[in-house]
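# Structure at a glance
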Amino acid sequence: METIEAPAKETTKKKRALKKLMIINSKATVDSVYAALILANGARMEGLESEIFCTFFGLEMLQPKKMDNLHVATVGNPGMHIPTMIGGLPGMETLASAMMKREMDKLDIPPVSEFLEIYKASGGKVFACKLAMDMFHLKKEDLWDELDDVLTVGDFYERGQEEGSQIIFI
């Protein structure tokens, strides 16, 4: 009887093409903010560099008074699977947001403020968009204390010039 040996495991790790994930968040909805945080944190857990650039309404995830009080959009959100007319009823957005936060609690997903702290502690970077801050009359002091910097779009793109960088827009 012939013995067949299993192929030897590859001892050298395959070189990764992706080295840096750069995420642009432009929305203040629970689903957009958590998508950015989960992707960015996941990249850090995989050993990749990771940065989040918040622009327009995405700046709300960096405002201490707003970051833990974000909502789910119930109007015009096809993922909600409810008619627009019902989604627009008073209290519907608050109800849907509370339901989603309850489900997230069951999965031990932290509030935005805590998630940002975890992400920063892992080496992640967080930036705010200068133009959006000017539009909304915000100063750096109005934002999260651990913010890395306020950048122009050009500055952000410059940070992504290294080979192996990927930019994702949420």
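For the structure itself, look to the data block above.
Report follows, based on the coordinates. (Residues numbered from 1 in each chain as written. Predicted model: local features only at pLDDT ≥ 70, side-chain atom pairs only at ≥ 80, totals over all residues. Heavy atoms only, no water.)

Considering only enclosed or pocket space, the largest pocket measures out at about 160 Å³ in volume. Lining the largest pocket we find 13 residues, and of these Tyr34, Asp68, Lys101, Pro111 and Val112 sit closest to its centre. Of the residues forming the lining of the largest pocket, the biggest block, three residues, is contributed by helix α3 (residues 92-106). Per-class residue counts for the lining of the largest pocket are nine nonpolar, one polar and three charged. (1 Å grid on protein atoms, 1.4 Å probe; cavity = no way out; pocket = protein on both sides within 12 Å on 5 of 7 lines; lining within 4 Å. Points joined across faces, edges and corners; volume = space filled by probe spheres on them. Helix = DSSP H or I, 4+ residues; strand = E, 2+ residues; numbered from the N terminus. Nonpolar A, V, L, I, M, F, W, Y, C, P; charged D, E, K, R; others polar.)

With that out of the way, let us pick up the pattern of salt bridges. Under the counting rule described, the total for this entry stands at seven salt bridges. With a closest N to O distance of 3.8 Å, Glu60 and Lys66 form a salt bridge. Glu60 sits in the partly exposed class, given a relative accessible area of 23%. Overall, Lys66 belongs to the partly exposed group, its relative accessible area being 36%. With a shortest N-O distance of 2.8 Å, Lys120 and Asp148 are connected by a salt bridge. Here the residue Lys120 occupies a position in helix α4 (residues 112-121), and Asp148 occupies one in the loop between α5 (130-135) and β4 (149-151), the gap between them amounting to 28 residues. Taken together, the salt bridges that share partners define one network made up of Lys20, Glu51, Arg159 and Glu162. (Salt bridge = Lys/Arg side-chain N within 4 Å of Asp/Glu carboxyl O. Buried < 20%, exposed > 50% of the residue type's maximum accessible area, 1.4 Å probe, protein only.)

Turning next to the sheet that holds strand β1 (residues 20-25). Spatially, five strands are ordered β4-β3-β2-β1-β5 in an open sheet, and the strand pairing comes out parallel. Looking at the sheet topology across the chains shown, the edges are occupied by β4 and β5 (165-169). The average angle at which neighbouring strand axes cross in this sheet is 25°, direction not considered. The pairing of strand β2 (residues 49-54) with strand β3 (residues 125-129) spans four bridges and is parallel. For Cys54, the partnering residue across the bridge sits in β3 and is Ala128. Sheet strands touched by α4: β2 and β3. Its angle to β3, the strand with the most contacts, is close to 120°. (Pairing = 2+ DSSP bridges. Axes fitted to C-alpha atoms, helices over the stretch in contact; angles between N-to-C directions. Contact = heavy atoms within 4.5 Å.)

Our focus in this paragraph is the pairing of β3. Counted residue by residue, β3 has four buried out of five residues, so it is predominantly covered. For β3 and β4, the ladder comprises three bridges, and the chain directions are parallel. Across the sheet, Cys129 pairs through a bridge with Leu151, a residue of β4. Regarding the hand of the β-α-β motif, the stretch spanning β3, α5 and β4 is right-handed. (Right-handed = clockwise from strand over helix to strand, strands pointing away.)

Function cannot be read off these values alone, since they describe shape.
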